[in-house]
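Coordinate analysis (summary)
Spelled out from the first residue to the last, the chains are:
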Amino acid sequence: MIPLKKIHSRFVPLPPENVDTDQIIPARFLKATTREGFGKNLFRDWRYEHDDENRPKPEFVLNQPQYSGEILVAGKNFGCGSSREHAAWAIQDYGFKAVVSSFFADIFRNNSLNNGLLPVTVSDAFLAQIFAQGNEATLTIDLESQSITIDATGQQEKFEINPYKKTCLLNGYDDIDYLLSIRPAIEAFEGQPH
Amino acid sequence: MAKTLFDKIWDKHVVQQVQDGPSVLYIDKHFIHEVTSPQAFKGLEKRGLKVFRPQQVVATADHNVPTINQHLPIKDELSRIQVQQLIENCKKHDIELYGLGHPFQGIVHVIGPELGITQPGMTIVCGDSHTSTHGAFGAIAFGIGTSEVEMVFASQCLLQSHPKLMRINIDGELPDGVVSKDIILYIISKITSSGATGYFVEYAGSAIRALSMEARMTICNMSIEMGARGGMIAPDETTFAYMKGRQFAPGNGQWEEKLEQWKTLFSDEGAVFDKEIFIKAEEIEPMITYGTNPGLGIAINGTIPVADSIPDEGERKNIIKALQYMGLEPGKPLLGMPVQHVFIGSCTNSRIEDLRQVAALVKGRKKNEHVHVMIVPGSQQVARQVKAEGLDKVFAEAGFEVRQAGCSACLGMNEDKIPAGEYCISTSNRNFEGRQGAGARTLLASPLTAAAAAITGVVTDVRDLTPRPPEGGVGKTTKEAIN
Ligand code: SF4
């Protein structure tokens, strides 16, 4: 994993709530056997008319060139539904490094953290303030100080992250590295009566 | 100190505690399938590792397998590659595979319990969110992502934070025509599709105790649809009777000892939950969803909410968007609305009891000519049982199409899809946009409600179905047929 410290970027707004992972990456694209390349099917059915790449839906935000950036800002309860990690891969493969919302579904949050995609939970009010910004606005997310700032207005909020996960992200380790380091303890545990 | 069922199991599985971090949780059983495992095997191999405890892993192919002509090569190339990779990976890593053609093949959450692999007190994971199903046996069972599948492959452990705990108590007696699917759809409609996020749920109360194991599985299955990490029910005599004699259940030598352990698995009197909810069984009616998340459900004889009446702006927009997709109007009833498809299957409702209930209702009747009805048994074992009991004949006479075991139209990864714009009453667990095929419109309901619609061709209150024509001189009422 690549270490993640600070993200300073414009953002892509996606206000609908309860966006489920079936929308993020529809099931028919789960047939790949590698992790790469899911970005081109991100929000596939919201992005294209009749599944046709030559017919982008102009009203969908990913088809609006004025919006861009490494941060996706989404409505409440983002990533609910199916546990497919492909959703986090697709968002990351598209080029996002962080997703901001006022509420994340559990499995999605875990999957994101496990892949170095940073989920940032903010208050409903702060989320509304971000959505109120124009397409030129930028955000700064600083993992070290656990803060997110709307650069133009200076409004800032702190966000929570598990200290262990934070260390992993800052250093680019993952859980497997950790678990492998404690294999002897796991074997000892297996030997005990339960 | 009084302990919850969850903590009794959790505490026994904590290998160690990471400072300021999660617990290292030991995993007893790991189920895998073709869709969420290939990248995990690849990752593992990239690190030069073998699966650490292959005997604790069980594999099946279910998500994108065809449900007809399973003996022929899979037509869709990508699906074929995925299934083939699973075969190769399992071989390479010494993992037991119940693949296509195997008598134990089926939907992963159907075969685990029916084979007796799922047992009380276990920790169980699978790269699939409906792993919560196994919690019906008093196990901690939850869905994981592919990176976590790789973690369990590498170490038989996961890093997990202790979730908050919720208990949902359902007391009283269920009214006629109301089954376990209605209970869970009712709960989700009350607490919303995110109402249990961050929680692990225990279902308790006299109405739950009265349910069969299969009915309990239906409830635990859908825990994830209210955002919960998982759901569980304390094991009891019903559980033990179900388990006894199953293929991989503890044999005679071990049964008594296991039983002693299992009997300690319940939430102690006075155990504290972060949240408790109380529901009266008598209030529950047959349920149906009208929207594009499982929380948007109403009683079958109710009306679709009028969005203006909903105070929360986000929720209001959701409903408006959902109704647009569904082609439905606020303030209108669903009763009497024509449907084009009925899908009876999925890990929620494809077990033998579900199919028996359906058969009892349709026996001697025919489906409506405008409806296409698909019945997809959850496993090869269920399919064999359907034949053994002659239910296949009942279905054939009714004009239902019985297919082979798999996930099928639950997620539209194989050719079983619902065409855009058409309505399907489905016994599965998700009604998201495009879940059953691009543009498909899904109404979630119980197998009884689905069967009733198959007969009438419209959304029907199963309690209103007229008594069926006399058969052999004896006319049975719907009510008798249900019980
Ligand atoms: S039946 Fe549907 S919900 Fe169940 S495991 Fe298969 S795809 Fe998932």
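Conventions and cut-offs
Throughout, residues of each chain are indexed from 1 in the direction in which the sequence is written. Working convention: letters from A go to chains and numbers from 1 go to ligands, in the order in which they are written. A pLDDT threshold of at least 70 governs which residues receive local features in this predicted model, and a stricter bar of 80 or more applies before side-chain atom pairs are shown or counted, although totals over entire chains, interfaces and linings include all residues. Excluding hydrogens and water, the side-chain values take into account all heavy atoms of the structure. A run of H or I in DSSP counts as a helix once it spans at least four residues, and a run of E counts as a strand once it spans at least two, with each numbered from the N terminus. Computation of the radius of gyration draws on C-alpha atoms alone. For the globule rule, the value is 2.2 Å times the number of residues to the power 0.38. Buried, partly exposed and exposed residues are distinguished by accessible area as a fraction of the type maximum, computed with a 1.4 Å probe on protein chains only: under 20%, between the cut-offs, and over 50%, respectively. Here, two residues are considered to be in contact whenever any of their heavy atoms come within 4.5 Å of each other. Surface accessibility in these figures is a Shrake-Rupley result with a 1.4 Å probe; residues are shielded only by whichever protein chains are displayed. Under this rule, positive means Lys or Arg and negative means Asp or Glu; His and the chain ends count for nothing. Charge placement uses NZ in Lys and CZ in Arg. For Asp and Glu, CG and CD serve respectively. Every crossover in which the path from the first strand over the helix to the second runs clockwise, viewed with the strands pointing away from the viewer, is termed right-handed. A pair of strands is considered paired only if DSSP assigns at least 2 bridges between the two. Here an axis means a line fitted to C-alpha atoms, over the contact stretch when the element is a helix, while the angle between two N-to-C directions is reported on a 0 to 180 degree scale. To sort the angles, those under 35 degrees are grouped as roughly parallel, those over 145 as roughly antiparallel, those from 65 to 115 as roughly perpendicular, and the leftovers as oblique. Helix crossings are classified by the rotation of the near helix relative to the far one: an anticlockwise turn of less than a right angle makes the crossing left-handed, while a clockwise turn makes it right-handed. The classification used treats Ala, Val, Leu, Ile, Met, Phe, Trp, Tyr, Cys and Pro as nonpolar, Asp, Glu, Lys and Arg as charged, and all other residues, Gly among them, as polar. For each domain, the first and last residues come from an automatic or database assignment. What gets called buried area is simply the loss in accessible area from a 1.4 Å probe that two parts show on being joined, summed for both. In what follows, salt bridge is the name for a side-chain nitrogen of Lys or Arg lying within 4 Å of a carboxyl oxygen of Asp or Glu. The nearness test applies per residue and asks whether one of its heavy atoms lies within 4 Å of the molecule or strand. Throughout, the protein atoms alone are placed on a 1 Å grid, and a set of points is a cavity if a 1.4 Å probe fits but cannot get out or a pocket if it is open with protein on both sides within 12 Å along at least five of seven lines; lining residues have an atom within 4 Å of a point. Assignment of a molecule to a cavity or pocket requires that more than half of its atoms lie within 2 Å of the corresponding grid points. Under this definition, polar contacts are N or O atom pairs within 3.5 Å; protein pairs additionally need one hydrogen-donor-capable and one acceptor-capable atom, and for neighbouring residues in sequence, both atoms have to be side-chain atoms.

Each helix and strand counted, chain B has 16 helices and 19 strands in total. By the compact-globule yardstick of 23 Å for 483 residues, chain B fits well, its C-alpha radius of gyration being 22 Å. Each of the three principal axes of chain B carries a C-alpha extent, and together these read 60 × 55 × 50 Å. Counting only residues that meet the buried cut, chain B has 65% of its 483 residues in that class.

Before going further, it helps to examine the overall build of chain A. Counting secondary structure elements, chain A contains 8 helices and 7 strands. The C-alpha atoms of chain A give a radius of gyration of 18 Å, which matches the 16 Å a tight globule of 194 residues would have. Overall size of chain A, expressed as C-alpha extent along the three principal axes, is 60 × 40 × 25 Å. When each of the 194 residues of chain A is scored for burial, the buried share is 57%. Taking the contacts inside chain A whose residues are at least 6 apart along the sequence as the reference set, 63% of them involve residues at least 24 apart. About 7800 Å² of surface is accessible on chain A, with carbon and sulfur atoms providing 50% of the total. Taking the 19 positively charged and 26 negatively charged side chains of chain A as two groups, their mean positions are separated by 2 Å.

All names here are of chain B. Of the two faces of strand 4 (residues 57–60), the one lined by Val57 and Ala59 and the one lined by Val58 and Thr60 are each fully buried. Read as a crossover between parallel neighbours, the route from strand 3 (residues 29–32) over helix 2 (residues 38–46) to strand 4 is right-handed. Here strand 4 runs beside strand 5 (residues 96–98); their pairing, made up of 3 bridges, is parallel. Considered in strand 5, the bridge of Val58 is made with Glu96. Each parallel crossover has a hand, and the one from strand 4 via helix 3 (residues 77–92) to strand 5 is right-handed.

A few words on the packing of helix 2 of chain B against helix 5 (residues 146–155) of chain B. All names here are of chain B. The geometry of helix 2 relative to helix 5 is characterised by a closest axis approach of 8 Å and an angle of 50° between their N-to-C directions. In terms of orientation, helix 2 lies oblique with respect to helix 5. Remark: the crossing between helix 2 and helix 5 carries right-handed chirality. On the side of helix 2, the interface is formed by Gln39, Ala40, Phe41, Gly43 and Leu44, while helix 5 contributes Thr146, Val149, Glu150, Phe153 and Ala154. Of the residues that constitute the contact of helix 2 with helix 5, the class distribution is 6 nonpolar, 3 polar and 1 charged.

Next up on the list: the pairing of strand 1 (residues 6–14) of chain A. All names here are of chain A. With 5 bridges connecting them, strand 1 and strand 5 (residues 138–142) associate as antiparallel partners. Bridge assignment links Ile7 to a residue of strand 5, and that residue is Ile141. The sheet contact formed by strand 1 and strand 2 (residues 71–74) spans 4 bridges and is parallel. Looking at strand 2, one finds that Val12 is bridged to Leu72.

Residues and elements named next belong to chain B. Each assigned domain of chain B is listed here: domain 1 (5–277) and domain 2 (336–482). For domain 1 and domain 2, the distance between their C-alpha centroids amounts to 25 Å. For the pair domain 1 and domain 2, the two sides together bury roughly 3200 Å², of which 52% comes from carbon and sulfur. Looking at the side of domain 1 facing domain 2, the largest losses of area belong to Thr67, Ile107 and Glu214, adding up to 20% of the total buried there.

What follows concerns the pattern of salt bridges. Inspection of every chain in the model, using the stated rule, returns 32 salt bridges over all chains. In this structure, Arg84(A) and Asp22(A) form a salt bridge, with 3.4 Å as the shortest nitrogen-oxygen distance. Residue Arg84(A) is located in the loop between strand 2 and helix 3 (86–94), and its partner Asp22(A) is located in helix 1 (residues 21–24); the two are separated by 62 residues in the primary sequence. Given the relative accessible area of 3%, Arg84(A) is considered buried. Among the salt bridges present, the one from Asp51(A) reaches Arg28(A), with a minimum N-O distance of 3.3 Å. Placement of Asp51(A) in the loop between helix 2 (44–47) and strand 2 and of Arg28(A) in the loop between helix 1 and helix 2 is noted, with a sequence separation of 23 residues between them. Asp51(A) gets classed as partly exposed once you look at its relative accessible area, which sits at 35%. Each member of the salt-bridge network shares a partner with another, and the members are Arg35(A), Glu85(A), Asp174(A), Asp177(A), Arg47(B) and Glu150(B).

Let us look at helix 2 of chain B. Those residues of helix 2 of chain B lying buried are Pro38(B), Gln39(B), Ala40(B), Phe41(B), Gly43(B) and Leu44(B). At its buried positions, helix 2 of chain B is contacted by helix 3 of chain A together with strand 3, helix 3 and helix 5 of chain B. Backbone geometry just after helix 2 of chain B places Gly48(B) at a positive phi near 70°.

All names here are of chain B. In the vicinity of the ligand, the residues found are His63, Ile107, His109, Asp128, His130, Ser346, Cys347, Cys407, Cys410, Leu411, Asn429 and Arg435. If you map the ligand onto the pockets, it falls in the largest cavity. Each residue belonging to the shell around the ligand can be placed in one class, and the counts come to 5 nonpolar, 5 polar and 2 charged. Viewed by domain, the shell around the ligand spans two of them, domain 1 (5–277) and domain 2 (336–482), each represented by three or more residues.

To continue, consider the interface of chain B and chain A. Each partner contributes to the interface: chain B provides 64 residues, whereas chain A provides 49 residues. Across the interface of chain B and chain A, roughly 4700 Å² is buried in total on both sides, 56% from carbon and sulfur atoms. Inspection of the chain B/chain A interface yields 7 salt bridges. Here chain B is connected to chain A by 23 residue pairs in polar contact (both at pLDDT 80 or more). Considering every element that reaches the side of chain B that touches chain A, the biggest residue donor is helix 5 of chain B, with 7 residues. When grouped by side-chain class, the residues that make up the side of chain B that touches chain A number 20 nonpolar, 27 polar and 17 charged.

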